[in-house]
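# Structure assessment
Spelled out from the first residue to the last, the chains are:
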Amino acid sequence: MGNVPTTVKHCLSYEQLIQDNPWLRRWLLEEKTVSGHKYPEFVKIVEVGPRDGLQNEKEFVPTGVKIQLIDMLSGTGLPVIEATSFVSAKWVPQMADHTDVLRGIQRAPHVRYPVLTPNMQGFQDAVAAGATEVAVFGSASETFSKKNINCSIDESMLRFEEVINRARERQIPVRGYVSCALGCPHEGHVQPSKVAEVTKRLYDLGCYEVSLGDTIGVGTPGSMSEMLQCVMMEVPASALAVHCHDTYGQALPNILTALQMGVCVVDSAVAGLGGCPYAQGSSGNVSTEDVLYMLQGMGIQTGVNLAKVLEAGDFICSALHRRTNSRVAQAKKKDDAVMF
């Protein structure tokens, strides 16, 4: 090629290579798509603050405050708001007003308001109070199952089967939860195969969606990926959600990993409220504000108004006399302070 610069020689050689091997261009494009991460265009946010966020509060939160919080969240564009839990007041005193809460909220037409029902008694009480969607909650850890719902995993499945069958008769959709998907406060590491087994059982029983919970927030992107790979061999990604606690600051990275793997549903709590009464050391859920901020920055649609969620977070934190756990809300407050 005489005095042609070396870089030009390389380009000419590449073009000649492509011409001689037409399959190579397609292979390179496919390789780029695989190596680059593809994210969903839309993510459904399931707001769990009014239930999972408040259930561990030591001081009873007034019923009116719970109702006002849900009503504020109903105006944000959130498609799903977990309203309360029909569990025994003996075990979870904070949810003793479940009937008054569910009957007191102003239901928005575009919002679903599922409630937790651990057994037939809870299901019947929920239906009597006007529930139109319920959820059952199991565990991938035997010890946690016995401490959380006072029965073994196999026994819990028998209870859930009864609830799900009765719900099906009434055309009431049922969501499932799997606690301790990335670690247990009593047993430590939980095998991904066990998570997959419990998830599949719930899915096969009739749960339209199963939320995988990092109950004590010990997961990392590595363990999240390993667990999801195992679960997705049994249950499609379209039927899965992730529920991350932020104990070790890994919630957002874990959610990002789940999105990369095809999960399109994320549970979160306004102001990062939460903690499980049966999981010592469990901190709050990942905050809805922080999840929304991340997704907006990625160009992923949610249909949720971040500013209105921030207002709801301000309200509940004021009512609880505490600082928000949302990094976004904290940053916004600092920005506002600087402006004035």
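Each chain has its residues counted from 1, following the order in which its sequence is written. The model is predicted, so local features are restricted to residues of pLDDT at least 70 and side-chain atom pairs to those at 80 or more, both for listing and for counting; the totals for chains, interfaces and linings are taken over all residues. In computing side-chain values, all of the structure's heavy atoms are included and hydrogens and water are not.

## Things to note about the sheet that holds strand 2 (residues 80-81)
What counts is decided by this rule: At least two DSSP bridges between two strands are required for those strands to pair. Segments assigned H or I by DSSP are reported as helices when at least four residues long, segments assigned E as strands when at least two residues long, and all are numbered from the N terminus.
Spatially, 9 strands are ordered 2-1-9-8-7-6-5-4-3 in an open sheet, and the strand pairing comes out parallel. Taken across any chain shown, the strands that pair with only one partner, and hence form the sheet edges, are strand 2 and strand 3 (84-85). Here strand 5 (residues 134-139) pairs with strand 6 (residues 174-179) via 6 bridges, running parallel. Paired with V134 across the bridge in strand 6 is V174.

## Regarding the nonpolar core
This is how it is decided: Among buried residues, those of type Ala, Val, Leu, Ile, Met, Phe, Trp, Tyr and Cys that are joined through side-chain atoms within 4.5 Å constitute a nonpolar core. For every residue, the accessible area (1.4 Å probe, protein chains only) is compared with the maximum for its type, and the residue is labelled buried under 20%, exposed over 50%, or partly exposed between those bounds. Pairs of residues are marked as contacts when any of their non-hydrogen atoms sit within 4.5 Å.
In this structure, V195, L202, L212, M227, I255 and I316 are the most contacted members of the largest nonpolar core, which totals 102 residues. Aside from chain neighbours lying at most four places away, what touches L202 is V136, M157, F160, G176, Y177, V178, C207 and V210.

## Side note on the confidence of the model for the protein
Low-confidence regions, as indicated by low pLDDT, have predicted coordinates that should not be scrutinised in detail. So the rule is basically this: Residue-level confidence of the predictor is what pLDDT reports, using numbers from 0 through 100.
On average, residues of the protein score 88 in pLDDT, and 85% of them are at 70 or above. Every residue in residues 4-12 is under pLDDT 50, and counting partners more than four places away or in other chains gives 4 contacts.

## Here we look at the pattern of salt bridges
Definition in use: For this analysis, a salt bridge means a side-chain nitrogen from Lys or Arg found within 4 Å of a carboxyl oxygen belonging to Asp or Glu.
Within this structure, the stated rule accounts for 14 salt bridges. With a closest N to O distance of 3.1 Å, E209 and K44 form a salt bridge. Taken as a pair, E209 in strand 7 (residues 209-214) and K44 in strand 1 (residues 44-47) lie far apart in primary sequence, 165 residues in all. For E209, a relative accessible area of 4% translates into the label buried.

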